[in-house]
Amino acid sequence: MQAPGFSNTNYAPENQVPYGYPQHAPGTYQGVAGTGSYGFQVQAMGVPAGLAVPPIQNQPITKEGTIWMPVPPPLPNCPPGLEYLTQIDQILIHQQMELLEILTGFEAQNKYEIKNTLGQRVYFAAEDTDCCTRNCCGPSRPFTLRIIDNLGHEVITLQRPLRCSSCCFPCCLQELEVQAPPGTPVGYVVQDWHACLPKFTIQDEKRMDILKITGPCVVCSCCGDVHFEVKSVDETATVGRISKQWTGFLKEAFTDADNFGITFPMDLDVKMKAVMIGACFLIDFMFFEWAGGN
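Residues numbered from 1 in each chain as written. Predicted model: local features only at pLDDT ≥ 70, side-chain atom pairs only at ≥ 80, totals over all residues. Heavy atoms only, no water.

J.: Any chance you could break down the packing of aromatic side chains for me, citing the residues and the numbers?
T.: Each aromatic ring pair is summarised here by two numbers: the centre-to-centre distance and the angle between the ring planes. Going through the model one piece at a time under the given rule, you end up with seven aromatic pairs. Considering the side-chain rings of Y112 and F281, the 4.6 Å spacing of their centres and the 70 degrees angle between planes classify their relative orientation as edge-to-face. One end of the pair, Y112, is in strand β4 (residues 111–115); the other, F281, is in helix α4 (residues 270–288), and 169 residues separate them in sequence. Considered together, Y112 and F281 belong to a single accessibility category, that of buried residues. An angle of 35 degrees between the planes, with centres 5.9 Å apart, marks the rings of F228 and F287 as tilted. Of the two residues, F228 is situated in strand β12 (residues 226–231) and F287 in helix α4; the sequence distance between them amounts to 59 residues. No difference in accessibility class separates F228 from F287, as the two residues are buried. Taken together, F200, F228, F260, F287 and F288 form an aromatic cluster joined through their ring pairs. The lysine or arginine in question, R207, covers the ring of Y188, its NZ or CZ lying 3.7 Å from the ring centre. (Phe/Tyr/Trp six-rings, centres within 6.5 Å; stacked < 30°, edge-to-face > 60°. Helix = DSSP H or I, 4+ residues; strand = E, 2+ residues; numbered from the N terminus. Buried < 20%, exposed > 50% of the residue type's maximum accessible area, 1.4 Å probe, protein only. Lys NZ or Arg CZ within 6 Å of the ring centre and 35° of its normal.)

J.: Could you give an account of the environment of K115, with specific residues and numbers?
T.: Relative to the helices and strands, K115 is located in strand β4. Sequence separation between K115 and W68 is 47 residues, and the spatial gap between their C-alpha atoms is 8.4 Å. For K115, the contacting residues outside a window of four places in its chain are I91, L92, Q120, R121 and V122. (Contact = heavy atoms within 4.5 Å.)

J.: Any details on the confidence of the model for the protein chain? Residues and values, ideally.
T.: Scored by pLDDT, the protein chain has a mean of 78; 68% of the residues are at 70 or more. With pLDDT under 50 throughout, residues 2–7 is counted as low confidence; its partners more than four residues away or in other chains account for 18 contacts. Confidence drops under pLDDT 50 across residues 19–48; counting only partners more than four residues distant or on other chains, this segment forms 52 contacts. (pLDDT = per-residue confidence, 0-100.)

J.: Help me get a handle on α4, residues and values and all.
T.: Its 19 residues place the ends of α4 26 Å apart at the C-alpha level, agreeing with the 27 Å of an ideal helix rising 1.5 Å per residue. For α4, the tally of buried residues reaches 18 of 19 residues, placing the bulk of the element in the interior. (Expected span 1.5 Å × (residues − 1).)

Following this line, the structure appears as structure tokens:
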């Protein structure tokens, strides 16, 4: 069952991951041994004294009314905290609405829930910028976005410098650095110059091109979803999609709280999955952050 608002009608799972970027088999979730991660001890009625009762595994974790995705076990060659991404090929990103921003137009720090298709929260993301930067630079502002897991650990950091986004300045276009864990770059999202289309390149930590992203000529969320296709480097095969989802006239007109869906191959390198999440946030700021401010 998919989370409400998540659409994936055109994504073809049979598309193969193009040659040229790391292939990793999806991690098999084995649960967490012991009960320390869950904070409770399982007890059973009628069990003789001295017999150990195995803990309940693979169960969602509920914190303050929010259901979190179960904690996966550590995996070799996987940055800590990205193990969650080995188990999913679709995620939903929901931006939280800020009452002060709705009433006054005063730009607040963006906050996002990142969920799987079961509606379980995988990560929580929060913008880290000062008040002057948010309200003077608007959607073009530089920012640091911190993404935490259900243990409260910062597992991904996104950093966007202050740059241009106009096709008139092709030498200083948008760029986003993705770090996992914080301080360790794993990839970049780089805007490509094009006269008509929004185009981006996903690069690994060595600045090697891995994937391409192409959006529509007119980026307008008017009574329908807006799709950004994720393609192979030669742009001959579509391997995923970033979709800005229509949330209704009132919400679209008076707030900048957006919903996004991301699809990617299950066996895509988890680092590139993290970079695709970063690309989604960059697209949000570049094309959809202005709605509430206007």
